[in-house]
Amino acid sequence: MKKYIFLAGIITMLAWSCTKNDEEFLDRPPSSLLTQDQIFKDPSAVLSVLGDLYNRYEDFGRLDDWASVAQFNVAYWSEVGRYQEFQNDGWGYGSWGIWDYGYIREINLFLERCEEATELEESLKARFLAEGRFLRASYYFEMVKRMGGVPLILESETYDFSGDASYLQHPRETEAAIYDFVIGEADALKDILPTDVNSKSRATKGAVLAMKARAALYAGSIAKYGTTTPQVSLPGNEVGIPASMADGYYTQALSAAEAIINGDAGAYGLYTKKPNLSENFEALFYDKANNPEAIFVEDYKVGAGKIHYFTGWNQPRYGAEEEEGGRINPSLQLVQSFEMLDGTYAPLENEVGGNPVYYDNIDDIFQNRDARLAGTVILPGSTFKSKPVDIWAGVVLADGSIVSGDSRGQEKTLPGATEQVQVVGFDGPIDGLEFTAQSGFYIRKYQDPNTGSGRRGTQSDVWFIRYRYGEVLLNAAEAAFELAQPDVAAGYLNELRARAGITVPLTGADVSFDKIAHERYVELAFEGLHFFDLKRWRLAHVVLDGNPISETEVTQNIGVASKRETQPYSIWPYRYHNPGDPNDGKWLYKTLRLSRITGADRFQLGNYYSEIGQDLINNNPKLVRNPNQ
Amino acid sequence: MKTKFYLLILSTLLVVTSCELDNFDEPDAIFTGRIMYNGEAIPVARNQVRFELWQPEYETPAPIDVAIAQDGSFSSRLFSGKYELRFLQGEGPFKAPTNAINIELSGGKQMDIEVTPYHLIRNLQFSHSSGTISATCSVDQILTGADAKDVERVVLVINRTQFVDANSGSEGSIAQVDATDISNLSSLEMSVEIPIDPKKPDQDYMFARIGVKMIGVEDMIYSQVEKIAL
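The name that an unreviewed UniProt entry assigns to chain B is DUF3823 domain-containing protein, with the source organism given as Maribacter polysiphoniae.

As annotated in an unreviewed UniProt entry, chain A carries the name Putative outer membrane starch-binding protein and comes from Maribacter polysiphoniae. A UniProt comment under Sequence similarities (unreviewed entry) is attached to chain A, and it reads "Belongs to the SusD family." Entered under Subcellular location (unreviewed entry) in the UniProt record, the comment concerning chain A runs "Cell outer membrane".

As structure tokens, then:
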């Protein structure tokens, strides 16, 4: 009996479960993905897609990869695993290459879909489209800097599975054509994008004008200085720009830079909030509140998942928030190239006629220099996060012998004494001991002064400035100089130099190529731009010629653009110990090359443009190889 | 019994699944030779001067790089077949043939490639006295006319091993010095002190050679490496 009741119950259930809406019941919208229609009618969803594209912007120097901003021997890398970078002799031809056409395709798809969207407000849609085009132009700019002319793909393409992909194979454009594309996009976009000084991490009129100025300047200098290396060119001009085009590009660079300077893109200007000039230069990079100098940045936010560990990697080791730090050690060559306040070059005076110079205070040797020095570099005797650094290498005795230690802050008994005293700083420098200031210096630029920035659990949200007003001034100055307007160039350079505390302004007659190159070297150190300066001036194979630097040579020719940069040097402070002598307790300095530096970097002609991989050429035989590889 | 059974199955599988396609011949041809000028090999820096071999019979050919050793010789193990030998433009301290050279390899082949160097080092004499190695030489201009290149610097390089060149960092040289005066190329003098490194064992010989850098040419031309007894 029971069996029949169950059976009847199940039959009834089955009978009721059928309705005529079964199909609707099963057809549920997916909850884990959005369709194109859903995205392109909601402005905040479009912004999310755009955010992903912004996130993939390609930078040469990045704060989440500390070594990328300190390459080419402007600094020594105080980390055991990286010493080999100073023991090899150059770079493979594939170094620095990028070829992400997947990214280009996604931007193209974004532009096409956004164009088709009907429910977006017109002004908003125009801004989204312009931002997409700005990102695409930025990536082409990055590619042309590294690879030379590349195929210019401006719409998404689809394979038809016919077995013949040759219609997808595009040849390389000329190098000039890609620069022209970037400049042309900037012209087209500058009046669509908002004029908003406070929008730093999205494209604005200021950002595209700054991109245009930089791109046109790079193209102009490749045209002009490319004549010194005729081997670095291809017959089809995929690499190399005809010299006749130089002036045209320089003119465009100057006009774009002057548009920003004249306020066409909003009230950008130099950062001058702090009375102390060194602190001011330091704050320019970490102050995110109403910073008039930053034009376009990669922004970060603590607590929101977008952070970087730049401060943790580079904080002074003594008093660090983690048991590490101190990785980037700016070289002696960089430090000494900061001018004296009267605008002259001088080596750090550690010896006169073979005798050491004794200084009362450890930082006296760095006095009266360009304020940017102390804003860029943590010098011995200075502080970070209000804590003093402890950089000194040892004790020099009366007979000239040195007492030092091989661990941080080690104590030893000096001759004639009974008690142990500290004989080396807690920040070193100790040759070969990682995280100590092995060149005698730490980096200050881009370090975050907030508590917790050096902790792994918190980290830093200092932004990385991609375009800033200071660089715009330098671009304007260089373009003006190349267009034979040295007075204009001097005017722009003097704005930067006055902010750095240099008291003697330049006149037009003082401006030379070396002066411009020098100003860029010190102002833009550790911002990821020096490498492209060396490349476009065709100086990379000259300054990185594979020859070691001798100790006498290192302090000569300061401020000369072709000065060898194959190895970083160090300068170490020592305390003089000779009780009864007037110099007892004073400081002296010694220059040296660290024992781990055994190689000398050599930049070959084939390094000027990164290698296009054989796999790419196999897939697309229309690609020509880059020269000298 | 069970083991034997498995073995039997495994060996049967192996026999059944192997096929003719798996059987490749190994590369059988050795291509050797030297870079020559008038019967004399041209010494260069190790692994820095190369030429390319292309196999035009394949659909998507990729070049095979052949590096030239520091005494000017080269050797490469290849499959038999037709090849085109090409020099990259601007490669090497010499003017290389601009056209592709067709070669056919079957078994071994020895071939010298004739090039014209910009300069050659002549009358080279090394001497040693109390920790200093000195050299005298002259530099002859070989290539004249439109293709001529001027000398940028002349350098004496010494090393503890037989691999000596000016551009390989500590691997290629322990010390090098430029000739101070290169106004008279028919008589050049250089001398370099042998650095003392307490971490390395004493040895009673050194290797040395002279390099000449031409303006606008990346690769240097060298003399043959010479072993100098101390």
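Picking up where we left off.
Asker: Describe the overall build of chain A, with residues and values.
Answerer: In terms of helices and strands, chain A carries 19 helices and 16 strands. Looking at chain A as a whole, 56% of its 629 residues are labelled buried. A separation of at least 24 residues holds for 72% of the contacts in chain A among residues at least 6 apart in sequence. Surface accessibility of chain A: about 25,300 Å² in total, with carbon and sulfur atoms responsible for 51%. Mean positive and mean negative side-chain charge positions of chain A (60 and 87 charges, respectively) differ by 3 Å.

Asker: Describe the UniProt feature "domain: RagB/SusD" (unreviewed entry) in chain A, naming the residues involved and giving the relevant values.
Answerer: Under the feature "domain: RagB/SusD" (unreviewed entry), the UniProt entry names residues 292-627 of chain A. For residues 292-627 of chain A, helix accounts for 21% and strand for 15%, while the C-alpha atoms at its two ends are 42 Å apart.

Asker: So what's going on with the packing of aromatic side chains? Residues and values would help.
Answerer: Per the counting criterion, the structure on display carries 44 aromatic pairs over all chains. Taking 5.7 Å as the distance between ring centres and 20 degrees as the angle between the ring planes, the aromatic pair formed by A:Tyr76 and A:Tyr83 counts as stacked. By the burial criterion, A:Tyr76 is buried, and A:Tyr83 matches it. Centroid distance B:Phe51 to B:Phe74: 4.9 Å. Interplanar angle 85 degrees. Geometry classified as edge-to-face. Of the two residues, B:Phe51 is situated in strand β3 (residues 50-54) and B:Phe74 in strand β5 (residues 73-78); the sequence distance between them amounts to 23 residues. Owing to a relative accessible area of 0%, B:Phe51 belongs among the buried residues under this scheme. The rings of A:Phe60, A:Phe72, A:Trp91, A:Trp96, A:Phe531, A:Phe532, A:Phe603 and A:Tyr608 are connected pair by pair, giving a single aromatic cluster.

Asker: Please give an account of the domain arrangement of chain B that cites residues and values.
Answerer: Residues and elements named next belong to chain B. In terms of domains, chain B is made up of domain 1 (29-116) and domain 2 (118-229). Here the C-alpha centroids of domain 1 and domain 2 sit 26 Å apart. At the interface, 18 residues of domain 1 touch 23 residues of domain 2. Per-residue buried area on domain 1 facing domain 2 is highest for Arg46, Gln70 and Pro93; these three make up 34% of the total on that side. At the surface where domain 1 touches domain 2, the tally comes to two salt bridges. Measuring nitrogen to oxygen at the nearest pair gives 3.8 Å for the salt bridge that ties Lys95 to Asp147. Our count for the contact surface shared by domain 1 and domain 2 stands at eight residue pairs in polar contact (both at pLDDT 80 or more). Looking at side-chain class alone, the side of domain 1 that touches domain 2 contains nine nonpolar, four polar and five charged residues.

Asker: Break down the interface of chain A and chain B for me, citing the residues and quoting the values.
Answerer: With 19 residues of chain A at the contact, the number on the chain B side is 21 residues. Summed over both sides, the interface of chain A with chain B buries roughly 1,400 Å², with 36% coming from carbon and sulfur. The three residues of chain A that bury the most area against chain B are A:Asn547, A:Arg602 and A:Arg625, which together make up 30% of that side's buried surface. The interface formed by chain A and chain B contains zero salt bridges.

Asker: If you had to explain the sheet that holds strand β15 (residues 570-577) of chain A to someone new, which residues and values would you point to?
Answerer: All names here are of chain A. Spatially, four strands are ordered β10-β9-β15-β16 in an open sheet, and the strand pairing comes out mixed. A strand with exactly one partner marks an edge of an open sheet, and here the two such strands are β10 (402-403) and β16 (587-592). Summarising the sheet, strand β9 (residues 394-397) and β15 pair through four bridges and their orientation is parallel. If you follow Val396 over to β15, its bridge partner there is Tyr576.

Asker: So what's going on with helix α7 (residues 175-189) of chain A? Which residues, and what values?
Answerer: Residues and elements named next belong to chain A. The end-to-end C-alpha separation of α7 is 22 Å, in line with the 21 Å expected for 15 residues at 1.5 Å each. Those residues of α7 that fall on the buried side of the exposure criterion are Glu175, Ala176, Ile178, Tyr179, Phe181, Val182, Ile183, Glu185, Ala186 and Leu189. The secondary structure elements touched by the buried residues of α7 are α6 (122-147), α8 (205-225) and α9 (246-261).

Asker: Can you explain the nonpolar core? Please cite residues and give values.
Answerer: All names here are of chain A. By size, the foremost hydrophobic cluster in this structure holds 119 residues, and its most contacted members are Phe110, Phe134, Leu135, Tyr140, Phe141 and Tyr179. With 14 residues, the top contributor of residues to this core is α8. Those residues in contact with Phe141, other than ones at most four positions away along the chain, are Tyr179, Val182, Met211, Arg214, Ala215, Tyr218 and Tyr467. Core analysis: the next-biggest nonpolar cluster, separate from the first, contains 67 residues, Tyr271, Tyr446, Ala525 and Tyr574 among them.

Asker: Could you give an account of the layout of surface pockets, naming the residues involved and the relevant values?
Answerer: It is the rolling of a water-molecule-sized probe over the atoms that shows where space remains empty. In this structure, the second largest pocket occupies an estimated 1,000 Å³ of space. The wall of the second largest pocket is formed by 33 residues, among which A:Pro548, A:Arg593, B:Ser173, B:Ile174 and B:Ala175 lie closest to the centre. No other element matches the four residues that strand β15 (residues 175-178) of chain B contributes to the lining of the second largest pocket. Among the residues making up the lining of the second largest pocket, the classes are represented as 13 nonpolar, ten polar and ten charged.

Asker: Any details on helix α10 (residues 277-286) of chain A? Residues and values, ideally.
Answerer: Residue and element names in this part refer to chain A. With respect to burial, α10 is a largely interior element, seven of its ten residues being buried. For α10, the complete set of buried residues consists of Ser278, Asn280, Phe281, Glu282, Ala283, Leu284 and Phe285. At its buried positions, α10 is contacted by α13 (371-376), β14 (464-468), α15 (486-499) and α16 (513-523). Measuring from the backbone nitrogen of Ser278 back to the side-chain oxygen at the start of α10 gives 2.9 Å, which picks out Asn276 as the cap.

Asker: Just give me the short version of the UniProt feature "domain: SusD-like N-terminal" (unreviewed entry) in chain A, but keep the residues and values in it.
Answerer: When the UniProt feature table is mapped onto this chain, "domain: SusD-like N-terminal" (unreviewed entry) is found at residues 99-216 of chain A. The distance from the first to the last C-alpha atom of residues 99-216 of chain A is 22 Å, and the span holds 58% helix and 0% strand.

Each value, and the rule that gives it
Residues numbered from 1 in each chain as written. Chains lettered and ligands numbered in written order. Predicted model: local features only at pLDDT ≥ 70, side-chain atom pairs only at ≥ 80, totals over all residues. Heavy atoms only, no water. UniProt positions renumbered as here; feature names shortened; annotations may be inferred. Helix = DSSP H or I, 4+ residues; strand = E, 2+ residues; numbered from the N terminus. Buried < 20%, exposed > 50% of the residue type's maximum accessible area, 1.4 Å probe, protein only. Contact = heavy atoms within 4.5 Å. Areas by Shrake-Rupley, 256 points an atom, 1.4 Å probe, with all protein chains shown as cover. Lys, Arg positive; Asp, Glu negative; His and termini not counted. Charge placed at Lys NZ, Arg CZ, Asp CG, Glu CD. Phe/Tyr/Trp six-rings, centres within 6.5 Å; stacked < 30°, edge-to-face > 60°. Domains from an automatic or database assignment. Buried area = accessible area lost by both parts, 1.4 Å probe. Salt bridge = Lys/Arg side-chain N within 4 Å of Asp/Glu carboxyl O. Polar contact = N/O pair within 3.5 Å; in protein donor to acceptor, adjacent residues only side chain to side chain. Nonpolar A, V, L, I, M, F, W, Y, C, P; charged D, E, K, R; others polar. Pairing = 2+ DSSP bridges. Expected span 1.5 Å × (residues − 1). Core = buried A, V, L, I, M, F, W, Y, C linked by side-chain atoms within 4.5 Å. 1 Å grid on protein atoms, 1.4 Å probe; cavity = no way out; pocket = protein on both sides within 12 Å on 5 of 7 lines; lining within 4 Å. Points joined across faces, edges and corners; volume = space filled by probe spheres on them.

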